[in-house]
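# Structural features, examined
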Amino acid sequence: QVQLVESGGGLVQAGGSLRLSCAASGSIFSINAMGWYRQAPGKQRELVAVITYGGTTTYADSVKGRFTISRDNAKSTVYLQMNSLKPEDTAVYYCTARRFTGNPYWGQGTQVTVAS
């Protein structure tokens, strides 16, 4: 089992910045990538960004150039630096840990609200 603990959400004005953190614990040897998804009210959960242990990153087109994902393997922690936030970025952000086999793990989610 892997436990994911997220932090860093909150309320910010449009154009502002937030940094999300997600710390993994437990059977972290089974993880090959970590990342973030988000879900806005009435919408499906969507990929925001993912980073592999080797450092390969993937971003949603809507956040490219504004968000940066990074990780500290020694701390089993992944970060999402979000700049130039827009009201449409408002959502619950979920940390995820992908395993080599089996379903991914999910965090409990953290609310990000961007006021216009």
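See the structure shown above.
Residues numbered from 1 in each chain as written. Predicted model: local features only at pLDDT ≥ 70, side-chain atom pairs only at ≥ 80, totals over all residues. Heavy atoms only, no water.

### Structural notes on the sheet that holds strand S1 (residues 2-7)
Read across the sheet, four strands follow the order S1-S3-S8-S7 without closing on themselves; strand pairing throughout is antiparallel. Both outer strands of the open sheet, S1 and strand S7 (67-72), are each paired with one neighbouring strand and no more. Each strand axis lies, on average, 15° off the axis of its neighbour in the sheet, ignoring direction. In this sheet, strand S8 (residues 77-82) lies alongside S7 in antiparallel orientation, the contact comprising six bridges. Directly across from arginine 71, in S8, lies its bridge partner valine 78. (Pairing = 2+ DSSP bridges. Helix = DSSP H or I, 4+ residues; strand = E, 2+ residues; numbered from the N terminus. Axes fitted to C-alpha atoms, helices over the stretch in contact; angles between N-to-C directions.)

### What to know about the packing of aromatic side chains
Each aromatic ring pair is specified by the distance between its two centres and by the angle formed by the two planes. This structure, assessed with the given rule, holds one aromatic pair. Relative to tryptophan 106, the ring of tyrosine 37 lies with its centre 5.2 Å away and its plane at 75°, an arrangement referred to as edge-to-face. Taken together, the positions of tyrosine 37 in strand S4 (residues 31-39) and tryptophan 106 in strand S10 (residues 105-106) put the pair 69 residues apart, joining distant regions of the chain. Relative accessible area serves as the criterion here: at 18%, tyrosine 37 is assigned to the buried category. The partly exposed category is assigned to tryptophan 106, whose relative accessible area is 36%. Over the ring of tryptophan 106 we find arginine 45, and its NZ or CZ is 4.7 Å from the ring centre. (Phe/Tyr/Trp six-rings, centres within 6.5 Å; stacked < 30°, edge-to-face > 60°. Buried < 20%, exposed > 50% of the residue type's maximum accessible area, 1.4 Å probe, protein only. Lys NZ or Arg CZ within 6 Å of the ring centre and 35° of its normal.)

### Observations concerning the state of the cysteines
All told, the structure shown has one disulfide when counted by the stated rule. At a sulfur-sulfur separation of 2.0 Å, the disulfide partner of cysteine 22 is cysteine 95. Measuring the twist about the S-S bond at about -85°, one finds the cysteine 22-cysteine 95 disulfide to be left-handed. Placement of the pair is cysteine 22 in strand S3 (residues 18-26) and cysteine 95 in strand S9 (residues 91-99), with a sequence separation of 73 residues. Across the pair, cysteine 95 and cysteine 22 agree in class, each one buried. (Disulfide = S-S within 2.5 Å.)

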